[in-house]
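# Structural description and commentary
Here is what each chain is made of, one letter per residue.
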Amino acid sequence: MAAAVRAGLWHRGVISVTRRGSHSHINTALKPQYDAIIIGAGHNGLIASAYLQKGGLKTAVLERRHVLGGAAVSEEIIPGFLFSRASYLLSLLRPHIYQDLELQVYPEFLSYLERLACAIHPLLDAPPVDIPGLTQGSLRKKISALRSLKPLVKSGLQLGKNIPDFYELVTAPVMKVLNRWFESEPLRATLATDSVIGANTSPNNPGSGYVLLHHVMGELEKEKGAWGYVEGGMGGVSQSIARSAQSLGADIFTNRDVEQVLIGQDGSAKGVVLTDGTEVHSKVVLSNATPYITFKQLTPQDALPEAFITAVDQIDYTSPVTKINVAVDKLPNFLAAPNSADGKPGPHHQCSIHLNCESVEVLEEAYREGQQGRPSSRPMIEMTIPSVLDPTLAPPGCHVVSLFIQFTPYLLEGRRAWTDEDRDRFADTAFDWVERYAPGFKKSIVGKDILTPADLERVFSLTGGNIFHGSMSLDQLYLARPLPSVADYRSPVKGLYLCGSGSHPGGGVMGAAGWNSALKVLADFKRL
């Protein structure tokens, strides 16, 4: 069976990496008072800490787990094998497969996507338009809020005559666009996978076009839309950001589980209390947790308006994703591109390999099964083998394999939690499909780590197992992310802010939410 591959870029040495099992120099002495406390050491929280500290605010980051990075971590969960356990790629790359397939229209399609993606880059690096500022308060406040329109105007000017194309892509089913561009069904289906990666949607559903666009927004080493493996795994990114924040003076702690945000008599955030009873006071608190965890678990409910709590309950966190990390004792050998006699990895081993995407109908059927509460019997699989480019991840001759799989429900049949038997059964289904493309794969497995949506929630505090901290549907983007009333990172509680992917611009745009929220906090501090 033929496997679809997407070309990737490897950037060895771009990210400074702390080796397996070690971390940045974690602070051990927790001070009783800070200017700012950040809950959660994911990449957005770490980036926010660096900018807040750089801006003059003494900042502490409190992470409940033993390792920094949130979902962007490297963990040796199988002895000798180092995995990017959840997040597994740094940005994404639009494939240059047209060079091999001699597709004349493909470069034009890439140019079309790039024009639209580049035009909205200004929106990623700035908070949404300040609607309250423009509509409430003094004339001076309204004039000041006009500056928030600048990124929107800049994007509109860059789009120019492409505004209708942009509107169509973000609102239409992606297949409406792909059918116009391409005749090859395997190519259309392969491209359509980017419209559903991490999203509980189908290529034929309205809004799936935006998910596709979202995956081409990234940039790596000035290569637009590029993705790359990180040396030492994704934890290397988190460690690098943490070292930068610490060099600026930020304090970072692991194994510090926040139980609740402290609310003062004036109704504003005054710090946090840990699960061991320790109180740490601060002038502001930033939450890198999901909006649900922030407002339903960490914030006292009597500090929030009842209508706001009801709105938080309506945020969609549905996730179709199961991540399986696999340790193998030999390189997968694909029927479509057999391994060379010397056993060295080929170019296709370096790529993102898409399985079970020969047709859009295959994707549709996988989606339908997931919506019925059943794990897909022929799941969509994105396979990567980072150890072919970073041999330090596995023992000699062995490899780490990442399988990003859809569609799987949070609850089986809508009511039953996953058991170990269920996990193993689904993993066997996935392995059976890989076996069809690469015979011998199952026998090469020496260990596995299965993370269903419920497991992603349990381990990484991703509500619903959603890797984006909330659905990337049109009703939960920009001015409505995560809710219209908190789209500017400020919560109803004075001094409590969101800084994670649950806020604009959402998951996958690494660090943007942390940067934007830090700027918002620093601006508010100037007014104090």
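Use the structure listed above.
Now for a look at the structure at hand. This one's a predicted model, so the numbers in the text were calculated from it and none came from an experiment. (Residues numbered from 1 in each chain as written. Predicted model: local features only at pLDDT ≥ 70, side-chain atom pairs only at ≥ 80, totals over all residues. Heavy atoms only, no water.)

### Quick word on the pattern of salt bridges
Side chains carrying opposite charge are able to pair once their charged atoms draw close together. Selection rule: Salt bridge, as used here, is a side-chain nitrogen of Lys or Arg placed within 4 Å of a carboxyl oxygen of Asp or Glu. Comment: elements are numbered from the N terminus, with helices defined as DSSP H or I runs of at least four residues and strands as E runs of at least two. Whether a residue is buried, partly exposed or exposed follows from its accessible area with a 1.4 Å probe, protein chains only, as a fraction of its type maximum: under 20%, in between, or over 50%, in that order.
In the structure shown here, the tally under the stated rule is 26 salt bridges. A salt bridge links R188 to E185; the shortest N-O distance between them is 2.8 Å. Of this pair, R188 and E185 both sit in helix 10 (residues 185-192), separated by 3 residues, roughly a single helical turn. The class of E185 is partly exposed, set by a relative accessible area of 25%. A salt bridge links D455 to R458, with the shortest nitrogen-to-oxygen separation between them at 3.1 Å. Of the two residues, D455 and R458 are both situated in helix 18 (residues 453-460); the distance of 3 residues between them amounts to about one turn of the helix.

### Things to note about the packing of aromatic side chains
Applied cut-off: What counts as a ring pair is set by centres within 6.5 Å for rings of Phe, Tyr and Trp (its six-membered ring), and what kind of pair is set by the plane angle: stacked under 30 degrees, edge-to-face over 60, tilted for all other angles. Here, a charge over a ring is recorded when the distance from Lys NZ or Arg CZ to the ring centre is within 6 Å and its angle to the ring normal is within 35 degrees.
Counting across every chain of the model gives 10 aromatic pairs. An angle of 40° between the planes, with centres 5.2 Å apart, marks the rings of Y112 and W181 as tilted. Here Y112, found in helix 3 (residues 106-119), pairs with W181, found in helix 9 (residues 174-181); they are 69 residues apart in sequence, far enough to count as distant. The exposure class of W181 is partly exposed, given its relative accessible area of 21%. An angle of 75° between the planes, with centres 5.6 Å apart, marks the rings of Y367 and F407 as edge-to-face. Note that Y367 is positioned in helix 15 (residues 360-371) and F407 in the loop between strand 18 (399-406) and helix 16 (420-437), a separation of 40 residues in sequence. For the pair formed by Y367 and F407, the shared burial category is buried. Within the aromatic cluster, the residues linked to one another by ring pairs are F109, Y112, W181 and F182. The ring of W433 is capped by R436, whose NZ or CZ atom sits 4.0 Å from the centre of that ring.

### Remarks on unusual backbone geometry
Residues apart from glycine generally show negative phi values, whereas peptide bonds are mostly found in trans. Residue R481 is joined to P482 through a cis peptide bond whose omega torsion reads -10°. On the secondary structure map, P482 appears in the loop between helix 18 and strand 20 (496-498). Of note, the bond from H504 into P505 is cis; its omega dihedral lies within 30 degrees of zero at 5°. Phi is positive for N255, which is not a glycine, with a value near 55°. On the basis of relative accessible area, N255 is assigned to the exposed category, the value being 51%. Even without glycine at this site, S461 takes up a positive phi of about 60°.

### Some details on a nonpolar patch on the surface
Our working definition: Distance thresholds for patches are 9 Å for like charges and 5 Å for nonpolar side chains (Val, Leu, Ile, Met, Phe, Trp, Tyr), applied to residues having over 30% relative accessible area and no salt bridge. Per-residue and other accessible areas were derived by the Shrake-Rupley procedure at a 1.4 Å probe size, with only the shown protein chains allowed to occlude residues.
On the surface, L139, I143 and L146 cluster together to form a nonpolar patch covering roughly 320 Å² of accessible area. Take L139: it is sitting in helix 6 (residues 139-145). Overall, L139 belongs to the exposed group, its relative accessible area being 63%.

### Focus on helix 16
This is how the line gets drawn: By definition here, a helix of n residues has an expected span of 1.5 Å times n minus one. This arc corresponds to the set of directions leading from the helix axis out to the C-beta atoms.
Relative to the 26 Å expected for 18 residues at 1.5 Å per residue, helix 16 spans 26 Å between its end C-alpha atoms, a close match to the ideal helical length. Listed as buried for helix 16 are D422, R423, F426, A427, A430, F431, W433, V434 and Y437. Buried positions in helix 16, seen along its axis, are confined to an arc of 170° and lie on one side of it. Exposed positions of helix 16 whose direction lies more than 90 degrees from the buried face are E421 and R425.

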